[in-house]
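Chain residues, written in single-letter form:
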Amino acid sequence: MYTLESVELSVSILDPVVDQERLGSRYCVGGYIYQVTDPEQGELLTGPQYPDPYPDTFDGQGAPDMFFTPLGAEETPVGGDVGIIGVGLVRRTSPIEPFYVRHNPEVSEFLAWEVEASAAAITMRTTQTFRDWAYRLSRQVTLDGRTVHSETSIENTGEAILPVRWFAHPFFPLTPDRVYSRFSIPVSMPENEGYFINDDQFICQKPDYSWPRGFYQALTYEKPTGGITITQKHPTVGAVITTTDFAPDYLPVWSNANTFSFEPYFAAQLAQGEATAWRISYQF
């Protein structure tokens, strides 16, 4: 793994080659934040199977992210390859429609990444050409004191429209009172088995739900004109403040008996020659 260090934190980032046993068909390989550690408080992030030292690559741990829309899945038969932005070629091993990486975990070929490493920043760049799609992708993780920035930029260099649908999936430890996320925009949700919103507008787990099963819930909100701030309760550092420089296109939460996560989505449709960039930051 690569490591960024300040006096206050260290950030572990997976090596696209050395750490391939921890990588799979789901999460973007470059810039995969696997752990953030406080020298006094210990590890600050978890995962669906935490503290398993080798969690399933679909679940992962830390603060990974994912490009959700597969390239060419509709016309690819079982046994053929599908393009996954930020991962590479993924073998279609399941006939289940629509294609989803949960059912297709086999990576036929990982992308090759150029890595620039310094004490305060890791930058990873790659390109992929797959049928009529092609792109240049850059991922940079920087550490500034107690704040971790994750920046992504992508350019469509192919003929086909490039569907960019990305989301961050940070995993946080559970709290004794089951109180978790508050958003800088008003959010609501229908009545459901797993969550409620308390008087302070924090999303909370219902204690009588069977949490080993996990529960996923999309939030309802009016899309803002800019980025948002998320206050995430944390059992050791008090709170983690997450900011985005983009307005989420979709915003669900998910948790189980080991972890809690929110998932802000960024979406764009890029024509040939078009590029876009965005950032998410975590202040511990």
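On a predicted model such as this, the values are computed, not experimentally measured, just so you know.

**A closer look at the pattern of salt bridges**
1) Next: A complete count under the given rule lists twelve salt bridges for this structure.
2) Next: For the salt bridge of E193 with R213, the shortest nitrogen-to-oxygen distance reads 3.9 Å. Taken together, the residues span a long stretch of sequence, with E193 in the loop between strand 14 (179-183) and strand 15 (195-197) and R213 in the loop between strand 16 (203-205) and strand 17 (215-218) at a distance of 20 residues.
3) Next: Put simply, D81, R91 and E106 are held in one network by salt bridges that share partners.

**Thoughts on the sheet that holds strand 17**
1) Next: The strand order 17-20-21 describes an open sheet built from three strands, whose pairing is antiparallel. Looking along the sheet, the strands with just one partner apiece sit at the ends: strand 17 and strand 21 (260-262). Strand-to-strand twist of the sheet, defined as the mean angle between neighbouring strand axes without regard to direction, takes the value 15°.
2) Next: Both strand 17 and strand 20 (residues 252-255) contribute to a ladder of four bridges, which runs antiparallel. Of the residues in strand 20, the one forming a bridge with Y216 is W254.

**A look at the environment of Y32**
1) Next: Within the secondary structure layout, Y32 lies in the loop between strand 2 (10-13) and strand 3 (33-38).
2) Next: Given the relative accessible area of 2%, Y32 is considered buried.
3) Next: Along the chain, Y32 and G62 lie 30 residues apart, while their C-alpha atoms are 8.3 Å from each other.

Definitions and cut-offs
- Residues numbered from 1 in each chain as written.
- Predicted model: local features only at pLDDT ≥ 70, side-chain atom pairs only at ≥ 80, totals over all residues.
- Heavy atoms only, no water.
- Salt bridge = Lys/Arg side-chain N within 4 Å of Asp/Glu carboxyl O.
- Helix = DSSP H or I, 4+ residues; strand = E, 2+ residues; numbered from the N terminus.
- Pairing = 2+ DSSP bridges.
- Axes fitted to C-alpha atoms, helices over the stretch in contact; angles between N-to-C directions.
- Buried < 20%, exposed > 50% of the residue type's maximum accessible area, 1.4 Å probe, protein only.

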